[in-house]
Amino acid sequence: MGIVRPHLWFDDQAVPAAQFYASVIPRTTIHSVVTAPPGTPGLAEGVEFIVELTIDGLRATFLNGGPHFALDEAFSFVLDCQDQAEVDHYWEVLTADGGRPSQCGWLVDKFGVSWQVTPVQLEDVMSRPDAAGVARAMAAMLTMGKLDVDGLERAYRGE
């Protein structure tokens with residue numbers, strides 16, 4: 001079987017997006033940038049067309065395909081963070097320069113790519129045996145933009 005990997009369509013920001021992710025997401029490498037051959041619909045010959053990269057170990061392809069399709073929140077990368085400091089760091093970096101926060105740990109970066117910036121503690125809290133505590137933590141999460149580990153823990157405990 002082949003390899004399953006995401007393929008993201010950008011208007012004309014595939015290379016800057018790949019470069020940005022390579023600068024902020026560990027284990028991210030750009031492997032190649034292919035330029036448009038003659039006759040590529042909507043693109044001039046020689047402009048940056050396809051970027052092959054690995055984002056934190058996940059192979060991906062970015063395409064400069066023009067404005068025909070737009071990225072939206074129906075697709076997102078999940079960024080599992082080890083603690084609140086890591087959540088805070090990635091939230092700040094990914095919402096900078098035109099990115100925008102959303103709800104429940106989701107954001108959209110300056111390139112239109114949606115991310116879920118989640119602490120590993122979220123899965124722990126949501127899988128605990130106290131159903132009422134889990135419900136309180138879920139209710140708290142639904143009011144948050146950037147996720148707050150302490151807030152989730154306090155909600156779970158009923159504080």
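See the structure above.
Residues numbered from 1 in each chain as written. Predicted model: local features only at pLDDT ≥ 70, side-chain atom pairs only at ≥ 80, totals over all residues. Heavy atoms only, no water.

**Q** I keep staring at the pattern of salt bridges and nothing clicks. Help me out?
**A** Side chains that differ in sign of charge can pair as their charged atoms come close. Applying the stated criterion across every chain yields a total of twelve salt bridges. In this structure, Arg154 and Asp148 form a salt bridge, with 3.9 Å as the shortest nitrogen-oxygen distance. Note on Arg154: relative accessible area 37%, which makes it partly exposed. Overall, Asp148 belongs to the partly exposed group, its relative accessible area being 29%. The residue Arg157 makes a salt bridge to Glu159 at a minimum N-O spacing of 2.8 Å. (Salt bridge = Lys/Arg side-chain N within 4 Å of Asp/Glu carboxyl O. Buried < 20%, exposed > 50% of the residue type's maximum accessible area, 1.4 Å probe, protein only.)

**Q** When you look at helix α2 (residues 84–95) in this model, what are you seeing that I'm missing?
**A** The α-helix winds at 3.6 residues per turn, so residues separated by three or four positions along the chain end up facing the same way. Taking 1.5 Å per residue, twelve residues should reach 16 Å; α2 reaches 16 Å between its end C-alpha atoms and fits that length. Structurally, α2 contributes buried residues whose contacts are with α1 (14–24), β5 (76–81), β6 (100–101), β7 (106–108) and β8 (114–119). Capping the start of α2 is the job of one residue whose side-chain oxygen sits 3.3 Å from the backbone nitrogen of Ala85: Asp83. At the C-terminal side of α2, Asp97 shows a positive phi close to 55°. (Helix = DSSP H or I, 4+ residues; strand = E, 2+ residues; numbered from the N terminus. Expected span 1.5 Å × (residues − 1). Contact = heavy atoms within 4.5 Å. Polar contact = N/O pair within 3.5 Å; in protein donor to acceptor, adjacent residues only side chain to side chain.)

**Q** Explain the nonpolar core here, please?
**A** In globular proteins that are soluble, nonpolar side chains generally tend to be buried together. Counting 27 residues, the largest nonpolar core has Phe10, Tyr21, Ile25, Phe62, Leu94, Trp115 and Val117 as the members making the most contacts within it. Broken down by secondary-structure element, the contributors of at least two residues to this core are β1 (7–10), α1, β3 (48–55), β4 (58–64), β5, α2 and β8. Per-element tally for this core: the top contributor is α1, with seven residues. With residues near it in sequence (within four places) discarded, Trp115 still touches Tyr21, Ile25, Ser76, Phe77, Leu79, Leu94, Gly105, Trp106, Leu107 and Asp109. Among the nonpolar cores identified, the runner-up in size contains eight residues, and Leu122, Ala140, Met141 and Leu147 belong to it. (Core = buried A, V, L, I, M, F, W, Y, C linked by side-chain atoms within 4.5 Å.)

**Q** Would you mind showing me how to read the sheet that holds β3 here?
**A** Taking strand neighbours across the sheet as the criterion, the four strands line up as β1-β4-β3-β2 in an open arrangement whose pairing is mixed. Each edge of the open sheet is held by one strand with a lone partner, namely β1 and β2 (29–35). Looking at each pair of strands side by side, their axes are set apart by 20° on average, direction ignored. Where β2 meets β3, six bridges bridge the pair, whose relative direction is antiparallel. Across the sheet, residue Val33 finds its bridge partner in β3, namely Val51. (Pairing = 2+ DSSP bridges. Axes fitted to C-alpha atoms, helices over the stretch in contact; angles between N-to-C directions.)

**Q** Help me out: how do you make sense of unusual backbone geometry in this one?
**A** For residues besides glycine, phi is generally negative; the peptide bonds are generally trans as well. Even without being a glycine, Asp56 presents a positive backbone phi close to 45°. Mapped onto the elements of the fold, Asp56 is located in the loop between β3 and β4. Notably, Cys104 is not glycine yet its phi reads approximately 60°, a positive angle. Looking at the secondary structure, you find Cys104 in the loop between β6 and β7. Residue class for Cys104 comes out buried when judged on its relative accessible area of 19%.

**Q** Whenever I open this one, the packing of helix α4 (residues 131–141) against helix α5 (residues 149–157) confuses me. Can you help?
**A** Two packed helices can be described by the angle between their axes and the distance between those axes. Taken N-terminus to C-terminus, the directions of α4 and α5 make an angle of 140°; their axes are 7 Å apart at the nearest point. Put simply, α4 runs oblique to α5. When you trace α4 past α5, the crossing you get is right-handed. Here Gly133, Val134, Arg136, Ala137, Ala140 and Met141 of α4 come into contact with α5, specifically with Leu152, Ala155, Tyr156 and Arg157. In terms of residue class, the contact of α4 with α5 is made up of seven nonpolar, one polar and two charged. (Parallel < 35°, antiparallel > 145°, perpendicular 65-115°, else oblique. Left-handed = near helix turned anticlockwise from the far one by under 90°. Nonpolar A, V, L, I, M, F, W, Y, C, P; charged D, E, K, R; others polar.)

**Q** Is there a simple way to think about the pairing of β3 in this case?
**A** Walk down a regular strand and you will see the side chains alternate between the two sheet faces. Judged by how many residues are buried, β3 sits mostly within the fold: six of eight residues are covered. Summarising the sheet, β3 and β4 pair through six bridges and their orientation is antiparallel. Bridge pairing in β4 links Val51 to Phe62. Between the antiparallel neighbours β3 and β4 lie two residues, among them Asp56 with a positive phi of about 45°.

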